[in-house]
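Residues per chain, in single letters:
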Amino acid sequence: MLNIVVQKYGGSSVADVQKLKTVAQRIIRTKNAGHRVVAVVSAQGDTTDELLAKAKEISQSPPKRELDMLLSTGEQISIALLAMAIAEEGEPVISLTGAQGGICTDSLYTKAKILRVDPVRVRKELDEGKIVIVAGFQGINDMGDITTLGRGGSDTTAVALAAALEADVCEIYTDVDGVYTADPRLVPDARKLDEISHGEMLELASLGAVILQPRAVELAAAWGVNIHVRSSFSDATGTLVKGDDQMEKQRVVSGVTRDMNVVKVMLVDVPDRPGVAHEIFSTLAAEGINVDMIVQTTKQGPVTDLLFTISQDDYDLTKKLIDGVRQKLGISNVLYSDRLAKVSIVGAGMMSNPGVAATMFGVLAENGINIEVISTSEIKVSCLIEKDKVETAVQAIHDRFKLGEEVSIA
Ligand code: ADP
Ligand code: ASP
Ligand code: MG
């Protein structure tokens, strides 16, 4: 039996007819090299943003089920067009929606989680010698409704399929030729990494490197899927995202990221008694809101201040939910701010190199940048700073840790 390769093509890789044809050629080449190919495709170019804008013309908060119905059409266009381009070359091919591809999710519309993948149909079509094109970003819940997996969700579709099909590799084709030490659009001397561990990649992705959806990396780590991030415009080898190994531990800092999509929420004078934090954060969690940095400050008297960050996309819902618990818990005041952004460094070698965080704080200080909140884990340090200082911060940190230079292995 020929081995299976799962390839995912992002929006920019299928943006127009010429690009679709190029992708079709690459898929056919992969098949001719002796593989069975499953290609997961995103919506063309800015289609998803355009669909979102259309919805906003009608409603500021459209029903999420209907939003998913709308957004999923973007991927349906690209799978059909790509299948046509492949058929035009005389190759047997079939396009499948997420549902047909067996992507079964929960019912959290707009950010549904994959519960399981039943790739029966995919296997059947592969067995018949066809190239199979699957719509990324979408699935089906147990009511038979279309769901979507959150922005960047096609990456997760691809990894889930690669795991379920026990594919040799999951190739993510995009508009850069790999994972860099910083966003190459922001830092011109950013360097491509040959490989990176799942753990570090998960941090980079979660902290703002949009190159991969964090959930895709999480899934890849859990299922032992190796991801090859590479360019759809060249044959150059990209970056291998894989299980941990010793070499990587030597790299103190692997990358620097920024996340502009941050809202700071400050709950002022929260009653200081057991169960309050649980009430607040379980209310948010039940709606799938990811809370990031959390800081509780001690005050005089029976109250505390509670600060946390959420993503901009969750702002409206968070506000509604917090308004709900505020009365009940007796919180005096709630302040929201979107003037901050998060700059982070990630590296497995930090664990054994004290002083990395101090160096980062030093770079920010030298550039006159104030840090509002800090959070750390074994392999990352994040700071909330003024939005308009982020570009300076990323470049300065990249310079100080010499990330643009080849690593010397200690
Ligand atoms: P696609 O449409 O293929 O899914 P995305 O726009 O989602 O592509 O992701 C690719 C983009 O990720 C690149 O164009 C790049 O600007 C950005 N990016 C951010 N951080 C990084 C990084 N550390 N390495 C590479 N690319 C990055
Ligand atoms: N089309 C979706 C988005 O723009 C999914 C994806 O591209 O991965 O977020
Ligand atoms: Mg993407």
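See above for the structure.
Residues numbered from 1 in each chain as written. Chains lettered and ligands numbered in written order. Predicted model: local features only at pLDDT ≥ 70, side-chain atom pairs only at ≥ 80, totals over all residues. Heavy atoms only, no water.

Asker: Report on the overall build of the chain, specifying residues and quantitative values.
Answerer: Helix and strand counts for the chain come out as twelve helices and 20 strands. The C-alpha radius of gyration of the chain comes to 22 Å, within 12% of the 22 Å expected for a compact globule of 410 residues. With respect to the three principal axes, the spread of C-alpha positions in the chain is 75 × 55 × 35 Å. Counting the 410 residues in the chain, one finds 50% classified as buried. Pairs at least 24 residues apart make up 75% of the contacts formed inside the chain by residues separated by at least 6 positions. Total accessible area on the chain stands at roughly 18400 Å², and carbon and sulfur atoms take up 52% of it. (Helix = DSSP H or I, 4+ residues; strand = E, 2+ residues; numbered from the N terminus. Rg over C-alpha atoms; globule rule 2.2 N^0.38 Å. Buried < 20%, exposed > 50% of the residue type's maximum accessible area, 1.4 Å probe, protein only. Contact = heavy atoms within 4.5 Å. Areas by Shrake-Rupley, 256 points an atom, 1.4 Å probe, with all protein chains shown as cover.)

Asker: So what's going on with the site of ligand 1? Which residues, and what values?
Answerer: The immediate surroundings of ligand 1 are formed by 18 residues, with Thr174, Asp175, Tyr180, Asp183 and Arg185 found nearest. Lys8 places a side-chain nitrogen or oxygen 3.1 Å from an oxygen atom of ligand 1. Surface burial for ligand 1 is 86%, taken as the share of its 570 Å² of free accessible area covered by protein chains. (Near = heavy atom within 4 Å. Polar contact = N/O pair within 3.5 Å; in protein donor to acceptor, adjacent residues only side chain to side chain.)

Asker: Requested: an account of the sheet that holds strand β20 (residues 380-386), with residues and values cited.
Answerer: Note on sheets: strands pair through backbone hydrogen bonds, and any given pair is parallel or antiparallel. Ordered in space as β13-β18-β20-β19, the four strands form an open sheet in which the pairing is antiparallel. At either end of the open sheet lies a strand with only one pairing partner, and these are β13 (255-259) and β19 (373-377). Across the sheet, the mean angle separating the axes of adjacent strands is 20° when strand polarity is ignored. Here seven bridges tie strand β18 (residues 340-346) to β20, and the two strands are oriented antiparallel to one another. Note on β20: the bridge partner recorded for Ala341 is Ile385. Contacts from helix α6 (residues 198-206) reach β13, β18, β19 and β20, with the element oriented near 165° to β18. Its contacts with the sheet place helix α12 (residues 390-400) against β13, β18 and β20, and it is angled at close to 175° to β13. (Pairing = 2+ DSSP bridges. Axes fitted to C-alpha atoms, helices over the stretch in contact; angles between N-to-C directions.)

Asker: An account of the site of ligand 2 is needed here, citing residue identities and associated values.
Answerer: Around ligand 2 sit Ser42, Ala43, Thr48, Glu75, Phe137, Arg151, Gly152, Gly153 and Ser154, and those are all the residues in its vicinity. Residue Gly153 places a main-chain N or O atom 3.4 Å away from an oxygen atom belonging to ligand 2. Protein chains bury 87% of the 260 Å² of accessible surface belonging to ligand 2 in isolation. Class assignment for the residues of the shell around ligand 2 results in two nonpolar, five polar and two charged. (Nonpolar A, V, L, I, M, F, W, Y, C, P; charged D, E, K, R; others polar.)

Asker: Quick rundown of the nonpolar core? Include the residues and the values.
Answerer: Judged by nonpolar contacts, the single largest core of 39 residues is most densely connected at Val6, Val38 and Met201. Aside from chain neighbours lying at most four places away, what touches Val38 is Ile4, Val5, Val6, Gln7, Val122, Leu126, Val132, Val134, Leu161 and Leu165. The next biggest cluster of nonpolar side chains, apart from the first, holds 26 residues, and it includes Ala182, Val343, Ile345 and Ala396. (Core = buried A, V, L, I, M, F, W, Y, C linked by side-chain atoms within 4.5 Å.)

Asker: Describe unusual backbone geometry, listing the residues and the values that go with them.
Answerer: One non-glycine residue, Thr110, lies in positive phi territory at about 75°. Mapped onto the secondary structure, Thr110 falls in the loop between β4 (103-105) and β5 (114-117). Overall, Thr110 belongs to the buried group, its relative accessible area being 18%. Although it is not a glycine, Lys402 sits at a positive phi angle of roughly 50°. Take Lys402: it is sitting in the segment after α12.

Asker: Outline the packing of aromatic side chains, listing residues and values.
Answerer: This structure, assessed with the given rule, holds three aromatic pairs. Here Phe281 and Phe308 contribute two aromatic rings whose centre-to-centre distance is 5.2 Å and whose plane-to-plane angle is 75°, an arrangement assigned as edge-to-face. Here Phe281 is found in helix α9 (residues 276-286), whereas its partner Phe308 is found in strand β16 (residues 303-311), with 27 residues between them in sequence. (Phe/Tyr/Trp six-rings, centres within 6.5 Å; stacked < 30°, edge-to-face > 60°.)

Asker: For the sheet that holds strand β10 (residues 195-197), give the residues involved together with the corresponding values.
Answerer: If you walk across this open sheet you meet the eight strands as β3-β6-β2-β1-β9-β11-β12-β10, and the pairing is mixed. Of all the strands in the sheet, the pair left with one neighbour each is β3 (93-96) and β10. Neighbouring strand axes in the sheet, compared pairwise and without regard to direction, differ in orientation by 20° on average. Across the face of the sheet, helix α3 (residues 64-88) comes into contact with β2 (36-41), β3 and β6 (131-135) while running at roughly 165° to β6.

Asker: Give me the pattern of salt bridges: which residues, what numbers.
Answerer: Taken as a whole and assessed by the stated rule, the structure comprises 28 salt bridges. Two residues, Asp235 and Arg29, come together in a salt bridge whose shortest N-O distance is 3.7 Å. Of this pair, Asp235 sits in the loop between β11 (227-231) and β12 (239-242) while Arg29 sits in helix α1 (residues 17-32), and the two are 206 residues apart along the sequence. Overall, Asp235 belongs to the exposed group, its relative accessible area being 57%. Of the residues examined, Arg29 reaches a relative accessible area of 45% and is grouped as partly exposed. Notably, a salt bridge pairs Glu372 with Lys264, separated by 3.3 Å at the nearest N-O pair. Residue Glu372 is located in the loop between α11 (356-366) and β19, and its partner Lys264 is located in strand β14 (residues 262-271); the two are separated by 108 residues in the primary sequence. Residue Lys264 is classed as buried on the basis of its relative accessible area, which comes to 13%. Within the structure, one salt-bridge network assembled from shared partners comprises Arg121, Lys124, Glu125, Glu128 and Lys130. (Salt bridge = Lys/Arg side-chain N within 4 Å of Asp/Glu carboxyl O.)

Asker: Outline a nonpolar patch on the surface, listing residues and values.
Answerer: A contiguous nonpolar patch, built from Ile77, Leu81 and Met84 and spanning about 270 Å² of accessible area, is present on the exposed surface. Relative to the helices and strands, Ile77 is located in helix α3. Note on Ile77: relative accessible area 43%, which makes it partly exposed. (Patch = residues over 30% accessible without salt bridge, like charges linked within 9 Å, V, L, I, M, F, W, Y side chains within 5 Å.)

Asker: Describe in detail α6, supporting the description with residues and values.
Answerer: Taken together, the buried positions of α6 are occupied by His198, Glu200, Met201, Glu203, Leu204 and Ala205. Just past α6, the residue Gly208 takes up positive phi, approximately 120°.

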